[in-house]
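Chain and residue survey
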Amino acid sequence: MQKALYSLNPRTYQLFDRLRRKVRPWLESDAQKHQRERREAEYLLLSLTNCGRTWLRVIVGRAMQLHCLSEKSLYASVQQNINLHDLYRFSEINPAFPAIKPMHEKYGQFGNSYEQQKVILLVRDPRDALVSRYHQHRAELPFNNVESYIIEGSDLAAYIQFYNDWQTYRDRAKDFLLVRYEDLKANTFEEMCRVFIFLDLPVTSDEVHQAIDYASFKNMRKMELEGSQLIRTGVMSSRDVTRPESFKVRKGKIGSYRKELSTEIIEMLDTTIRAQLNPIYGYR
């Protein structure tokens, strides 16, 4: 219905969208909004924490914004200032865009089915993800150091379970795309083209390149330090500038855990991953 209204009369749809934006805060809480978007989304972008999802979201959001502006639509002024982190909002501005909902959702965590939704699963080597997670949340964790966190904590098991579950149940989704952080780092343009094809987004190669440049490590770190009107999210704000290790945009390197962990801990991690993690991910 929204797509039909937009195609028939974009100006009327724009008025409808503005009214909807004003009324919704009175009708639903943030939690209700979150669940509605998850329920109505065409695509779910799923990952555990510290797997590079913020980076991926910014690339996708920036490419969609550039595509909107290139078309000089009625929403040009709105799209110029849209929160790039809020991918779902693009589908409300222009129903021709897919409704994408990023989630930290384990398989079946909320009792939801996936038959009507397509899933993009973003994964990262659990060893790098664990070290990154420790540094970001160190002040909140009851561990004296990163090795105690890995040995005594439950997050290693959580990453393995999350990855294994999605390989077991991937066919339950309407469609499924696996994206590895390591591949995204090594071949960013090619991997993003895979993502945009899966999303059925007609962005141009130039728009993809510009979006990747915008989401460079240097620019993302700058936005986290200084703030940005285009990425308005608590994920990249209120950092302690005296502790750069706690930043969301920390290092982004592959295999950096080897410089931070002892040989014994690395061997323990390697043994556990070989024994328990599905080999399809290539982390064994």
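Each chain carries its own residue numbering, running from 1 in the direction its sequence is written. Per-residue local features of the predicted model are confined to residues with pLDDT of at least 70, and side-chain atom pairs are confined, for both listing and counting, to 80 or more; whole-chain, interface and lining totals are unaffected and use all residues. Hydrogens and water molecules were not included; the side-chain quantities draw on all heavy atoms of the structure.

1. Some remarks on the environment of T272
Within the secondary structure, T272 is located in helix α14 (residues 263–276). Between buried and exposed lies partly exposed: a residue is buried under 20% and exposed over 50% of the maximum accessible area for its type, with that area taken using a 1.4 Å probe on protein chains only. Under the relative-accessibility criterion, T272 is labelled buried at 16%. Taking the C-alpha atoms as reference points, T272 and I160, 112 residues apart in sequence, are found 9.3 Å from one another. Non-local contacts of T272, meaning those with residues more than four positions away in its chain, are made with L156, I160 and L277. For the purposes of these results, a polar contact is taken to be a pair of N or O atoms within 3.5 Å, where, inside protein, one atom must be able to donate a hydrogen and its partner to accept one; residues adjacent in sequence count only when each atom of the pair is a side-chain atom. Separated by 2.9 Å, the side chain of T272 and the backbone oxygen of M268 make a polar contact. Helix and strand assignments follow DSSP, with helices taken as H or I runs no shorter than four residues and strands as E runs no shorter than two, numbered in order from the N terminus. Any pair of residues with heavy atoms lying within 4.5 Å of one another is described as a contacting pair.

2. Digging into the sheet that holds strand β4 (residues 175–180)
Only when DSSP finds a minimum of two bridges between them are two strands counted as paired. With respect to topology, 4 strands assemble into an open sheet ordered β2-β1-β3-β4, the strand pairing being parallel. Edge strands, defined here as strands with exactly one partner in the open sheet, are β2 (100–103) and β4. Sheet twist, expressed as the average angle between the axes of neighbouring strands with direction ignored, equals 20°. The pairing of strand β1 (residues 43–46) with strand β3 (residues 118–123) spans 4 bridges and is classified as parallel. Of the residues in β3, the one forming a bridge with L45 is I120. Against the sheet, helix α3 (residues 30–40) makes contact with β1 and β2, and its axis sits at roughly 120° relative to β2, the strand it touches most. Lying over the sheet, helix α9 (residues 155–169) contacts β1, β3 and β4, oriented at roughly 145° with respect to β3. Axis lines are fitted through C-alpha atoms, for helices just across the contact stretch, and the angle between N-to-C directions can take any value from 0 to 180 degrees.

3. Some words on the packing of aromatic side chains
In summary, the pairing rule links any two rings of Phe, Tyr or Trp, Trp by its six-membered ring, whose centres are within 6.5 Å, and it sorts them by plane angle into stacked for under 30 degrees, edge-to-face for over 60 and tilted for everything else. Tallied over the entire structure, the rule returns 15 aromatic pairs. Measuring from ring centre to ring centre gives 5.8 Å for Y13 and F16, while their planes differ by 55°; the resulting arrangement is tilted. With Y13 and F16 both in helix α2 (residues 10–27), this residue pair falls 3 residues apart, about one helical turn. Note on F16: relative accessible area 35%, which makes it partly exposed. Centre to centre, the rings of Y134 and Y149 are 5.7 Å apart; their planes meet at 35°, and the pair counts as tilted. One end of the pair, Y134, is in helix α7 (residues 126–137); the other, Y149, is in helix α8 (residues 146–152), and 15 residues separate them in sequence. Across this residue pair, the class does not change: Y134 and Y149 are buried. An aromatic cluster of three or more residues is present, and its members are Y107, Y114, W166, Y169 and F176.

4. Regarding the nonpolar core
To define a nonpolar core, start from buried Ala, Val, Leu, Ile, Met, Phe, Trp, Tyr and Cys residues and group those joined through side-chain atoms within 4.5 Å. In this structure, L121, Y163, W166, L261 and Y281 are the most contacted members of the largest nonpolar core, which totals 39 residues. If you list the elements that add at least two residues to this core, you get β1, β3, α7, α8, α9, β4 and α14. Considering each element in turn, this core owes the most residues, 6 residues, to α9. Residues within four places of L261 in sequence aside, it is in contact with V131, V146, E147, I150, I266 and L269. Residues V58, L122, V179 and M223 belong to the second largest nonpolar core, which totals 37 residues.

5. What about α14?
For α14, which comprises 14 residues, the first-to-last C-alpha distance of 20 Å matches the rise-based estimate of 20 Å (1.5 Å per residue) to within 8%. Buried residues belonging to α14 abut α7, α8 and α9. Here the expected span of a helix is defined as 1.5 Å times the quantity of residues minus one.

6. Some remarks on the packing of α7 against α14
Put simply, α7 and α14 touch, their axes get as near as 11 Å, and they point 130° apart. One finds that α7 runs oblique with respect to α14. Residues P126, R127 and L130 of α7 form the contact with α14, whose participating residues are L269, D270 and I273. Orientation categories follow fixed angle ranges, with anything under 35 degrees roughly parallel, anything over 145 roughly antiparallel, 65 to 115 roughly perpendicular, and all other angles oblique.

7. Things to note about the environment of V203
Along the chain, V203 turns up in the loop between α11 (188–199) and α12 (205–214). The exposure class of V203 is buried, given its relative accessible area of 15%. Each C-alpha atom, one on V203 and one on H67, is 6.1 Å from the other, the two residues being 136 residues apart in sequence. In this view, V203 contacts A63, H67, F196 and V208; residues no more than four positions away in its chain are not counted.

8. Things to note about α11
An α-helix turns once per 3.6 residues; consequently, residues spaced three or four apart project the same way. Between its first and last C-alpha atoms α11 spans 16 Å; for 12 residues at 1.5 Å apiece the expected length is 16 Å, and the two agree. Residues T188, E191, M192, V195, F196, F198 and L199 constitute the buried set of α11. The arc that holds the buried residues of α11, viewed along the axis, is 160°, so those residues lie on one side. Phi turns positive one or two residues past the end of α11, at D200, with a value near 55°. Each direction from the helix axis to a C-beta atom contributes to the arc, which is the arc of those directions.

9. Description of unusual backbone geometry
If you check the backbone angles, N50 has positive phi at about 60° while not being a glycine. Assignment of secondary structure puts N50 in the loop between β1 and α4 (53–70). The class of N50 is buried, set by a relative accessible area of 6%. Its identity is not glycine, yet D200 carries a phi of approximately 55°, on the positive side. Looking at the element boundaries, D200 is found in the loop between α11 and α12. You can call D200 exposed: its relative accessible area is 62%.

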